[in-house]
Amino acid sequence: MSISQQSQGGERIPPSEEFCDSLIIKASKSRASEVHLDFYESKFYIRFRVDGILELAGEYPFEIYDTTIRKLKVLGQLNIAEVRLPQHGRGQLRDPATNTMIEFRVSTFPTTPGEAAVIHLINKQETVFENFESIGMSPDEAELMKDAIHKPYGMILVVGPAGSGKTATLYTALNQVRSIQKNVITLEDPVEFKLQFVRHAQIMPSVGFTFAEGMKAVLRQDPDVVFIGEILDHEIAEIAVRAALSGRLVFSSISTNDSMGTITRFLELGIPRSFLASTLLLTVSSRFLRKNCLQCVAPYVPADRFLKEAGLASADGIKFLKGGGCANCEQSGYLGRVPIFEFFPVDKEIAGLIVEGASVLELLQAAHVKGMKTMREAAVERAMAGETTLEEAIYSTA
Ligand SMILES: [Zn+2]
């Protein structure tokens, strides 16, 4: 059956069997990172996540929903007959207009009325990972990264919520250390990109190949550099620390909001302070801030409470900018994103403080004296430079 009709917005809908392809191509052109497909009553909703914000991209007749999900499952190499269990897979599609391949991951989720799906588009530009500057670090920040990744052993942790740029930082680090002289092994879930001279392994808990089991096997593979997708529990934390203590360079991520949270998290996971102090080289956290739209940007004075949160007595002498909204930015005032980073390098003195039982506040103060810039400070700097609003800087680093 071929359906060609109008959506709510008056846009012509391609025949249902082509709808899925055209949707993915449209999402890729719209710079979307994710596409959400779900339905409610007789409507089929599509939302795109652009610059971190989920927005409605179209409302379509319910009739094309089934065909779209089925086509998506075929593209993602999923079982089309399975509708009761969540599934995830990977697919690619050629955009005939540009003759480029669009790569994506698909995951389906059984909701009460039927299956919902999320398409995660893999941004080809991000696959370059050429150097730390190319992912938005300043030359000084890139130096901190380079110092850490060229140490012979230790642990480098990247922290932050989902969608905060952890993958880009970790892959750039991997890309910089990989060489024919080094045995680099990864344990990932999912494997997002493939690099030469790196042994990428996909974790499969369903067959018992967990992060913890995988780590034990990796350590028998004579590794120089180990990349563990995420430190989830005590067992993984302990193996990671032991690997670093035994002379390996370990890269990983951990779910905390900021660099300092890493220390607390490791202690909660039962890692002794002395082990942490002798292995941790650097923690990096990152966030994206929405950038002011250059077409509609104008000076403004932020409300007192935002100035106060930013540690500013007044806006005197600072030219804060904010977009008023225009067609270019779909009335949001923002267009594109800029990454900000927070680095917490562990030197001898900081390591000593960790062993002595210093609180997070004491560690932060010591790091501050050494020139550490917090995420909040980095964000406020961007606002003071007019790249984003002060509100965005405060809310993104709450
Ligand atoms: Zn605008």
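Residues numbered from 1 in each chain as written. Predicted model: local features only at pLDDT ≥ 70, side-chain atom pairs only at ≥ 80, totals over all residues. Heavy atoms only, no water.

In the annotation of an unreviewed UniProt entry, the entry for the protein chain reads AAA+ ATPase domain-containing protein. Database annotation for the protein chain, UniProt heading Sequence similarities (unreviewed entry): "Belongs to the GSP E family." (UniProt positions renumbered as here; feature names shortened; annotations may be inferred.)

J.: Which parts of the structure should I look at to understand the overall build of the protein chain?
T.: Each helix and strand in the protein chain was counted, giving 13 helices and 15 strands. The C-alpha atoms of the protein chain give a radius of gyration of 23 Å, which matches the 21 Å a tight globule of 398 residues would have. Each principal axis of the C-alpha atoms in the protein chain carries an extent, and together these give about 70 × 60 × 40 Å. Considering only contacts within the protein chain whose residues lie at least 6 apart along the sequence, 60% involve residues at least 24 apart. Of the accessible surface of the protein chain, which amounts to about 19400 Å², a share of 53% is contributed by carbon and sulfur atoms. Across the protein chain, the 41 positively charged side chains and the 49 negatively charged ones have centroids separated by 3 Å. (Helix = DSSP H or I, 4+ residues; strand = E, 2+ residues; numbered from the N terminus. Rg over C-alpha atoms; globule rule 2.2 N^0.38 Å. Contact = heavy atoms within 4.5 Å. Areas by Shrake-Rupley, 256 points an atom, 1.4 Å probe, with all protein chains shown as cover. Lys, Arg positive; Asp, Glu negative; His and termini not counted. Charge placed at Lys NZ, Arg CZ, Asp CG, Glu CD.)

J.: Is there a simple way to explain the coordination of the zinc ion in this structure?
T.: A four-donor tetrahedral metal ideally has 109.5 degree angles, and a six-donor octahedral metal ideally has angles of 90 or 180 degrees. Looking at the zinc ion, one finds its protein donor set to be Cys293 (SG), Cys296 (SG), Cys326 (SG) and Cys329 (SG), positioned 2.3 to 2.4 Å from the metal centre. One way to put it: the four donor atoms around the zinc ion meet at angles of 107 to 112 degrees, and that makes the site tetrahedral. Taken in chain order, the donor set of the zinc ion reads C-x2-C-x29-C-x2-C. Residue Cys293 is located in the loop between strand S12 (280-292) and strand S13 (297-299), and its partner Cys329 is located in the loop between strand S14 (321-323) and strand S15 (334-345); the two are separated by 36 residues in the primary sequence. The exposure class assigned to Cys293 is buried, which follows from its relative accessible area of 0%. (Donors = N, O, S within 2.8 Å, 3.2 Å for Na, K, Ca; no water. Tetrahedral: all angles 85-135°; square planar, octahedral: opposite > 155°, others 65-115°. Buried < 20%, exposed > 50% of the residue type's maximum accessible area, 1.4 Å probe, protein only.)

J.: Hey, could you run me through the side chain of Thr279 in this one?
T.: As for its placement among the helices and strands, Thr279 is situated in helix H8 (residues 273-279). For Thr279, a relative accessible area of 1% puts it in the buried group.

J.: Please clarify how the pattern of salt bridges should be interpreted in this entry.
T.: Two side chains with opposite charge may pair up if their charged atoms get near one another. In the structure shown here, the tally under the stated rule is 21 salt bridges. The salt bridge involving Asp38 is made with Arg47; its shortest N-O contact spans 3.5 Å. For the salt bridge of Arg290 with Glu392, the shortest nitrogen-to-oxygen distance reads 3.0 Å. Highlighted residues: Arg290 in strand S12 and Glu392 in helix H13 (residues 390-396), separated in sequence by 102 residues. Take Glu392: its relative accessible area is 8%, and that puts it in the buried class. Each of Glu213, Lys216 and Glu235 takes part in one network of salt bridges that share partners. (Salt bridge = Lys/Arg side-chain N within 4 Å of Asp/Glu carboxyl O.)

J.: Sorry if this is basic, but what is going on with helix H5 (residues 211-219) here?
T.: Along an α-helix, residues three or four positions apart point the same way, because every turn accommodates 3.6 residues. For H5, the full list of buried residues reads Phe211, Ala212, Gly214, Met215 and Val218. Seen from one end, H5 has its buried residues packed into an arc of 160 degrees, which puts them on one side. Looking at the buried residues of H5, the elements they touch are strand S8 (184-188), strand S10 (225-228) and helix H6 (234-245). (Arc of directions from axis to C-beta.)

J.: Any chance you could explain the domain arrangement of the protein chain here in plain terms?
T.: The figure often quoted for interface size is the accessible area lost as the parts come together. Domain boundaries assigned for the protein chain yield domain 1 (16-122) and domain 2 (126-396). Contacts between the two partners involve nine residues from domain 1, matched on the other side by 10 residues from domain 2. Summing the contributions of domain 1 and of domain 2, the shared interface buries around 710 Å²; its carbon and sulfur component is 47%. When the buried area of domain 1 at its contact with domain 2 is split by residue, Asp51, Arg90 and Arg105 rank highest and sum to 56% of it. The interface formed by domain 1 and domain 2 contains zero salt bridges. (Domains from an automatic or database assignment. Buried area = accessible area lost by both parts, 1.4 Å probe.)

J.: What exactly am I supposed to notice about the sheet that holds strand S6 (residues 115-122) here?
T.: An order of S3-S2-S1-S6-S5-S4 is seen for the six strands of this open sheet, with the pairing classed as antiparallel. On the outer flanks of this sheet lie strand S3 (53-61) and strand S4 (87-95), each paired with one strand and no other. Neighbour-to-neighbour, the strand axes of the sheet open up by a mean angle of 25 degrees, direction not taken into account. The strands that helix H2 (residues 65-75) touches are strand S1 (32-40), strand S2 (43-50), S3, S4, strand S5 (100-110) and S6; relative to S6, the one it contacts most, it runs at about 45 degrees. (Pairing = 2+ DSSP bridges. Axes fitted to C-alpha atoms, helices over the stretch in contact; angles between N-to-C directions.)

J.: Teacher, can you tell me more about the pairing of S8 here?
T.: Along a regular strand, successive side chains alternate from one face of the sheet to the other. Extensive coverage of S8 is indicated by the burial of five of its five residues. Burial along S8 is two-sided: Val184, Thr186 and Glu188 and Ile185 and Leu187, pointing in opposite directions, are all buried. Sheet topology note: the S8/strand S9 (residues 198-202) ladder contains five bridges and is parallel. Looking across to S9, one finds that Thr186 is bridged to His200. For S8 and S10, the ladder comprises four bridges, and the chain directions are parallel. Paired with Leu187 across the bridge in S10 is Ile228.

J.: Would you mind going over unusual backbone geometry with me for this structure?
T.: Excluding glycine, residues mostly have negative phi values, and the peptide bonds linking residues are mostly trans. A cis amide bond links Asp189 with the next residue in sequence, Pro190, at an omega value of 0 degrees. Relative to the helices and strands, Pro190 resides in the loop between S8 and S9. In this structure, Glu41 takes a positive phi of about 50 degrees despite not being glycine. Tracing the sequence through the fold places Glu41 in the loop between S1 and S2. Phi is positive for Gln77, which is not a glycine, with a value near 55 degrees. Counting through the fold element by element, Gln77 comes out in the loop between H2 and S4.

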